[in-house]
Amino acid sequence: MTPSATRPRLKTRFKPTRLKLSSDQSTRPLARLSLHDQLVAKVREMIIDGELAAGAPLPERMLCETFGVSRTPLREAFKILAAEGLIALRPHRTPVVTPIDAGEIAEIFDVMVALDAAAGRAAAARATADEIARLDAMHDELVALHGAAERAAYFRLNQQIHLELTRLAGNSVLLNIWSTLHASVFRARAVANYDARRWDESLREHEAFMALLRARDAQGFALALSAHTRKTGDSVLQMLNQANSA
C-alpha cells in the first residue's frame, strides 16, 4: 500500500450554529490534499469568505471538533495562516482573525493599480488568440452570473479573470507579488462586498477592458484595467469606512 493510500483525510463535521458557517458547507468537499494542506485551505477560505469575521477568536478545541482533527495539524495550519497575515497568534491566548486595516488596504490598492497597468500592457502584447478566446468565454459566464444575480459565483469568477490576466503578462515576479497582495485585498472585498450600483459599474468596466484586449490595444487596455482596480479600491475603502463608523 502506498503512503498516499494511508494518508488521513480531514473530516468536515461542520456545526453551523457554533461557527456560523454558511449552509452549503456540506456541498463543498475538500480537495485531495494532505491533512495539513486541507486545514490551511479550509480555514483560509472561511476567513476570506467572511465566515470567520475579522477579530473573531479561533478556539482550538472547537475547531478540532469541527474538523475532526488533533491540535497538532491545526497548530501547524495556524502558523501558515499567521505568516499570510490572516490570523494573529498570541502567547497563552486564543488566536484571532486579523482585523482588516483600511489604511493598509489603501496602500495595497495603490500598488496593485501600478501592477495591473504593467500586467495589462504585457498581457495585451503577449496573449494568443486562444488565450483571449478563453478569457472571452469566462467573461460571457461573468455576464450571465450578473444577470442571474449570482453574487458569490460572480465574485469568484471575477477574481479568476483578474488572476488569468496577470498570468498572461508572462512575468513570474509580477505574478507572485500580485498574488501575495491580492490575498489581502480579496479578503477586504469579500467583507465589504459590493452594492448594486458598483456591481453594475464593475461589469461595464470589464466589458470595456475586454474590448480593448480583443483589439490588442495594449496601452488602452492597461489604462482601463488599472482604472478599474482604482475604482474597486475606492469602493471597498468607502464601504470599510462606513462599516467602521456604524
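Everything below is about the structure printed above this text.
Residues numbered from 1 in each chain as written. Predicted model: local features only at pLDDT ≥ 70, side-chain atom pairs only at ≥ 80, totals over all residues. Heavy atoms only, no water.

Peer 1: Explain the side chain of S202 here, please?
Peer 2: With respect to the element layout, S202 can be found in helix α9 (residues 196-214). We classify S202 as buried; its relative accessible area is 0%. The contact partners of S202, leaving out residues within four places of it in the chain, are Y154 and H228. (Helix = DSSP H or I, 4+ residues; strand = E, 2+ residues; numbered from the N terminus. Buried < 20%, exposed > 50% of the residue type's maximum accessible area, 1.4 Å probe, protein only. Contact = heavy atoms within 4.5 Å.)

Peer 1: Explain the pattern of salt bridges to me, please; I cannot follow it from the model alone.
Peer 2: Pairing is possible between side chains of opposite charge, provided their charged atoms come close. Counted by the stated rule, this structure contains 13 salt bridges. Its salt-bridge partner being K79, residue E76 comes within 3.3 Å of it at the nearest N-O pair. Within this pair, E76 and its partner K79 are both found in helix α4 (residues 71-83), separated by three residues, close to a single helical turn. By relative accessible area, which is 36% here, E76 ends up partly exposed. Residues E205 and K231 are paired through a salt bridge, measuring 3.8 Å at the closest nitrogen-oxygen approach. Here E205 is found in helix α9, whereas its partner K231 is found in helix α10 (residues 218-245), with 26 residues between them in sequence. The exposure class assigned to E205 is buried, which follows from its relative accessible area of 12%. Judged by relative accessible area, which is 41%, K231 ranks as partly exposed. In this structure, a network of salt bridges that share partners links the residues R198, E201, E205 and K231. (Salt bridge = Lys/Arg side-chain N within 4 Å of Asp/Glu carboxyl O.)

Peer 1: Honestly, the packing of aromatic side chains in this entry has me stumped. Any pointers?
Peer 2: Geometrically, a pair of aromatic rings is defined through the distance of the ring centres and the angle of the planes. Per the stated rule, a full pass over the model turns up two aromatic pairs. On the basis of an interplanar angle of 75° and a centroid distance of 5.9 Å, the ring pair of F209 and F221 is categorised as edge-to-face. Here the residue F209 occupies a position in helix α9, and F221 occupies one in helix α10, the gap between them amounting to twelve residues. Like F209, the residue F221 is buried in the burial classification. (Phe/Tyr/Trp six-rings, centres within 6.5 Å; stacked < 30°, edge-to-face > 60°.)

Peer 1: What's the story with the layout of surface pockets in this structure? I'm lost.
Peer 2: Rolled over the atoms, a probe with the dimensions of a water molecule shows which regions are left empty. What the largest pocket holds in volume is close to 530 Å³. What lines the largest pocket is a set of 19 residues, and nearest its centre among them are I48, S179, H182, A183 and F186. Of all the elements in the fold, those that place two or more residues in the lining of the largest pocket are α2 (35-48), α7 (151-167) and α8 (172-192). At eight residues, α8 tops the list of elements feeding residues into the lining of the largest pocket. Here the residues of the lining of the largest pocket sort into eight nonpolar, six polar and five charged. (1 Å grid on protein atoms, 1.4 Å probe; cavity = no way out; pocket = protein on both sides within 12 Å on 5 of 7 lines; lining within 4 Å. Points joined across faces, edges and corners; volume = space filled by probe spheres on them. Nonpolar A, V, L, I, M, F, W, Y, C, P; charged D, E, K, R; others polar.)

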